[in-house]
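# Architecture and fold: a report
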Amino acid sequence: MRHRPGFMFWSLAPFLLALLVAMLFAEWNIVTLGVQVFCVLMLLGLLDPCRFRWTWRGVGALVFVTYAAYLVDMLIESGGQATVGRSRAEPCVLNALTGLVAFGLPGLCYAIWGRFSFRKIQEAEDFEGLRESDDTES
């Protein structure tokens, strides 16, 4: 049976495609390349989540790399000192580290293991066994 794209694909695809096309006309740098790769991975992952399961791992890896680069940039800018911004929106080492812990590390976990936890969930393995038994009965 062929997978049909759902609501999330049809609601996000026009915006992702528009962003992808707009980035083609922007000045080329590592940020525009990252945004283009992110858009393509999201489009493929939303189009068929089972067939393109690997794309979500790529999205997780991109999130981790982005926050790690942000932290390195803030450390270089501050001269290696842990700085705290005057507001929560101001770029500083503490905000970069907070973002890396809150978003980057879960992205890395998903990129490596395909899940957000370190341990396997027994129900997921049981579900895979049920799917295999359903396939053999057909």
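That block above? That's the structure.
Model, not experiment: these values are computed from the prediction.

Quick notes on the rules
Residues numbered from 1 in each chain as written. Predicted model: local features only at pLDDT ≥ 70, side-chain atom pairs only at ≥ 80, totals over all residues. Heavy atoms only, no water. Helix = DSSP H or I, 4+ residues; strand = E, 2+ residues; numbered from the N terminus. Buried < 20%, exposed > 50% of the residue type's maximum accessible area, 1.4 Å probe, protein only. Core = buried A, V, L, I, M, F, W, Y, C linked by side-chain atoms within 4.5 Å. Contact = heavy atoms within 4.5 Å. Expected span 1.5 Å × (residues − 1). Polar contact = N/O pair within 3.5 Å; in protein donor to acceptor, adjacent residues only side chain to side chain. Phe/Tyr/Trp six-rings, centres within 6.5 Å; stacked < 30°, edge-to-face > 60°. Axes fitted to C-alpha atoms, helices over the stretch in contact; angles between N-to-C directions. Parallel < 35°, antiparallel > 145°, perpendicular 65-115°, else oblique. Left-handed = near helix turned anticlockwise from the far one by under 90°. Nonpolar A, V, L, I, M, F, W, Y, C, P; charged D, E, K, R; others polar.

### Concerning the environment of Arg4
- Within the element layout of this structure, Arg4 appears in the segment before helix H1 (7–24).
- By relative accessible area, which is 68% here, Arg4 ends up exposed.
- Here the alpha-carbon distance between Arg4 and Asp48, two residues 44 residues apart in the chain, equals 7.4 Å.

### Here we look at the nonpolar core
- Membership of the largest hydrophobic core is limited to 10 residues, which are Phe9, Ala13, Leu16, Leu20, Cys39, Leu41, Met42, Leu43, Leu46 and Val59.
- Every residue in contact with Phe9, bar those within four places of it in the chain, is listed here: Pro14, Leu43, Leu46 and Leu47.

### Some remarks on helix H2 (residues 30–47)
- Taking 1.5 Å per residue as the helical rise, H2 with its 18 residues ought to reach 26 Å, and the 26 Å between its terminal C-alpha atoms agrees with that figure.
- Along H2, the residues classified as buried are Thr32, Gln36, Cys39, Leu41, Met42, Leu43, Gly45 and Leu46.
- Buried residues belonging to H2 abut H1 and helix H3 (54–77).
- Capping of H2 at its N-terminal end is provided by Asn29; its side-chain oxygen lies 3.0 Å from the backbone amide nitrogen of Val31.

### Here we look at the packing of aromatic side chains
- The full count for this structure, using the stated rule, is 3 aromatic pairs.
- On the numbers, 4.9 Å between centres and 80 degrees between planes, the contact of Phe9 with Trp10 is edge-to-face.
- Look at Phe9 and you get buried, because its relative accessible area is 11%.
- We classify Trp10 as exposed; its relative accessible area is 57%.
- On the numbers, 6.4 Å between centres and 75 degrees between planes, the contact of Phe52 with Trp54 is edge-to-face.
- Residue Phe52 is classed as buried on the basis of its relative accessible area of 16%.

### Notes on the packing of H1 against H2
- The N-to-C vectors of H1 and H2 enclose an angle of 155 degrees; their axes lie 9 Å apart at closest approach. Between H1 and H2, the angle is such that the two are roughly antiparallel. Considering how the two elements wind past one another, H1 and H2 form a crossing that is left-handed. Judged by residue contacts, Met8, Phe9, Leu12, Ala13, Leu16, Leu17, Leu19, Leu20, Met23 and Leu24 of H1 engage Thr32, Val35, Gln36, Cys39, Val40, Met42, Leu43, Leu46 and Leu47 from H2.
- Class assignment of the residues belonging to the contact of H1 with H2 gives a composition of 17 nonpolar, 2 polar and no charged.

### Side note on the environment of Gly60
- Take Gly60: it is sitting in helix H3.
- Spatially, the C-alpha atom of Gly60 lies 9.0 Å from that of Phe103, the residues being 43 residues apart in sequence.
- When near neighbours in sequence (up to four residues on either side) are disregarded, Gly60 contacts Gly107, Leu108 and Ala111.

By themselves, these figures tell us nothing about what the structure is for.
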